[in-house]
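Structural characterization, general
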Amino acid sequence: MKWVTLISCLFLISSAESKQLPRRYRDVGHHDTFRHFIKIAEGQFPGIIIGLLSQNLQRASYDEVAKLNDNLVQLAKKCSSDDQATPDCEKPLRTVFLDEICHEEGLAEKYVFTECCGKVDPERNDCFLTHKNETSGFIPPFVMPDGENVCKVYQDTRAEFLANYYYELSRRHPFANVAVLYKTVKEFEKVLQTCCLETDKDACFREKLPAVREQKNYAIGLQKHTCSILKEFGKRSLRFQEVADLSRKFPKADFPIILKFAGDIVHIQEEFCKGDTLEYVLDVADLIEYICTHQDTISTKVKDCCDRELLDREECLVNAENDDKPADLPSTFKEFVVKEVCQNFTENKATLLEKFVYETGRRNPEFSKQLLLRVGSKYEGLLGKCCETEHPEECFHQGEGELRQHADNTLETFKMRCNLYEKAGDHGFQNEYALSFSYYSL
């Protein structure tokens with residue numbers, strides 16, 4: 001079928017250099033249009049869409065999903081070639097995406113989306129999200145054929161086979177980041193390329209496939225962990241953690257930019273934790289594009305990531321090396337231990353503490369996020385104590401040394417544990433750690 005062939009072509013497209021398209025950061029009404037998204041997604045547009053369709057239409061067949069995907073790919077071609085092609089080009093991606101599902105004859109009735117299709121956005125989108133289901137058994141377990149048959153189908157119809165695998169993966173993980181699932185497909189193909197050359201293909205698959213599943217489950221687990229932090233501790237706690245991360249990674253970036261990034265990441269996580277994987281893709285693309293078009297003021301270490309395609313950039317940026325500290329950055333900052341800070345603490349405590357963590361993190365890239373958060377918590381306690389005294393400066397002077405000592409001692413403890421782990425390995429480290437607890441409990 002034509003649409004099956006077209007979607008299969010996604011997995012034959014080689015990686016191309018990404019072209020950056022400067023625009024205003026988070027320009028509401030422009031950043032999420034269908035036309036703009038196809039420009040930043042480039043060759044990965046069909047893969048992103050089929051993943052999102054499979055997550056929203058979990059019980060639809062591969063042919064049904066691929067046909068919808070083909071319709072959207074054809075529209076994308078029109079929008080790319082003609083500025084005046086159709087009004088749909090300037091509509092939000094979500095609107096075009098859900099219209100395609102709702103306008104496909106018989107589809108909404110068949111899969112019980114009629115009620116959702118009768119609503120208008122954003123209620124229509126929220127309704128679709130409520131139908132996502134990752135309960136075990138909702139979609140039958142995926143049965144892997146025997147190695148010989150898998151390799152024959154892969155070698156005969158490589159592109160369609162991989163596209164079908166991506167569809168099966170996405171419908172079973174309706175709340176997962178499509179970039180994680182897309183990467184899983186690529187890792188799965190590496191296993192195929194190795195095992196299909198082996199005599200005992202089944203043994204090879206049994207050996208290598210668990211690592212692919214583990215990598216996927218770990219990435220999904222991390223995102224669920226972030227959602228649990230957001231649910232249990234709230235937005236402020238998550239934003240504080242993001243400031244700690246970003247200040248070390250981007251020490252050249254100004255505090256307002258770091259604060260903006262942290263706030264946007266929290267918003268992105270909120271959308272993701274609601275199950276809105278489409279909005280997540282849009283917002284992540286938006287944030288990354290800003291970083292990549294402002295490398296000179298943000299980081300010198302992200303060029304390689306920005307040269308990659310959209311679905312490959314997010315993980316690359318998360319794992320990117322911390323940028324070098326600005327050469328003219330003073331080693332100390334006294335603005336946080338003067339009397340005037342007490343008024344700021346009373347009026348705007350959250351921002352003051354975030355600024356302290358930012359200034360500490362950009363000067364100490366060797367500090368972990370956890371250590372930065374502990375130092376921030378200690379500083380909050382110091383403010384609470386000193387601002388109650390008649391002469392806060394004297395209290396701050398003493399407390400400043402205690403803060404530094406606490407950070408140094410904690411860092412030294414971490415280093416000792418890391419050295420122990422390197423020398424003793426998993427088992428030896430666990431034994432030593434258990435003994436230390438036993439000693440202190442005596």
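Residues numbered from 1 in each chain as written. Predicted model: local features only at pLDDT ≥ 70, side-chain atom pairs only at ≥ 80, totals over all residues. Heavy atoms only, no water.

Under an unreviewed UniProt entry, the protein chain has the name Alpha-fetoprotein albumin-like and belongs to Podarcis lilfordi. The Subcellular location (unreviewed entry) comment attached to the protein chain in UniProt states, word for word, "Secreted". (UniProt positions renumbered as here; feature names shortened; annotations may be inferred.)

Moving on: the overall build of the protein chain. When helices and strands are counted, the protein chain shows 21 helices and 0 strands. Across the protein chain, contacts joining residues at least 24 apart in sequence account for 72% of those joining residues at least 6 apart. Just so you have it, the protein chain exposes about 23,000 Å², and 52% of that area is on carbon and sulfur atoms. (Helix = DSSP H or I, 4+ residues; strand = E, 2+ residues; numbered from the N terminus. Contact = heavy atoms within 4.5 Å. Areas by Shrake-Rupley, 256 points an atom, 1.4 Å probe, with all protein chains shown as cover.)

Right, let's talk about the pattern of salt bridges for a bit. Pairing between side chains of opposite charge can happen when the charged atoms of each approach one another. If you walk through the whole model with that rule in mind, you get 33 salt bridges. As a salt-bridge pair, Asp121 and Arg124 come within 3.0 Å of each other at their nearest N and O atoms. When its relative accessible area of 27% is taken as the criterion, Asp121 is described as partly exposed. We note a salt bridge from Asp324 to Lys301, for which the minimum N-O separation is 3.8 Å. Of this pair, Asp324 sits in the loop between helix 17 (310-318) and helix 18 (341-347) while Lys301 sits in the loop between helix 15 (295-298) and helix 16 (303-306), and the two are 23 residues apart along the sequence. When salt bridges with common partners are traced through the structure, they connect Glu335, Lys355, Glu359, Arg362 and Arg363 into a single cluster. (Salt bridge = Lys/Arg side-chain N within 4 Å of Asp/Glu carboxyl O. Buried < 20%, exposed > 50% of the residue type's maximum accessible area, 1.4 Å probe, protein only.)

With that settled, consider the nonpolar core. Phe34, Phe37, Phe45, Ile101, Leu192 and Phe205 are the most contacted members of the largest nonpolar core, which has 69 residues in total. Counting residues per element, this core draws most heavily on helix 11 (residues 178-195), at 10 residues. (Core = buried A, V, L, I, M, F, W, Y, C linked by side-chain atoms within 4.5 Å.)

With that out of the way, let us pick up the side chain of Lys201. As for its placement among the helices and strands, Lys201 is situated in helix 12 (residues 201-249). Judged by relative accessible area, which is 13%, Lys201 ranks as buried. One polar contact links the side chain of Lys201 to the main-chain carbonyl oxygen of Glu198, over a distance of 3.0 Å. Once residues lying within four places of it in the same chain are set aside, the contact partners of Lys201 are Gly147, Glu148, Cys151, Cys195 and Cys196. (Polar contact = N/O pair within 3.5 Å; in protein donor to acceptor, adjacent residues only side chain to side chain.)

Glancing now at helix 2 (residues 34-41). Where burial is concerned, most of helix 2 is hidden: 7 out of the 8 residues are buried. Here helix 2 has its buried residues at Phe34, Arg35, His36, Phe37, Ile38, Ile40 and Ala41. In the core, the buried residues of helix 2 are packed alongside helix 3 (45-56), helix 4 (62-81), helix 5 (93-103), helix 14 (277-292) and helix 17. Downstream of helix 2 by a residue or two, Glu42 has a phi angle that is positive, lying close to 50 degrees.

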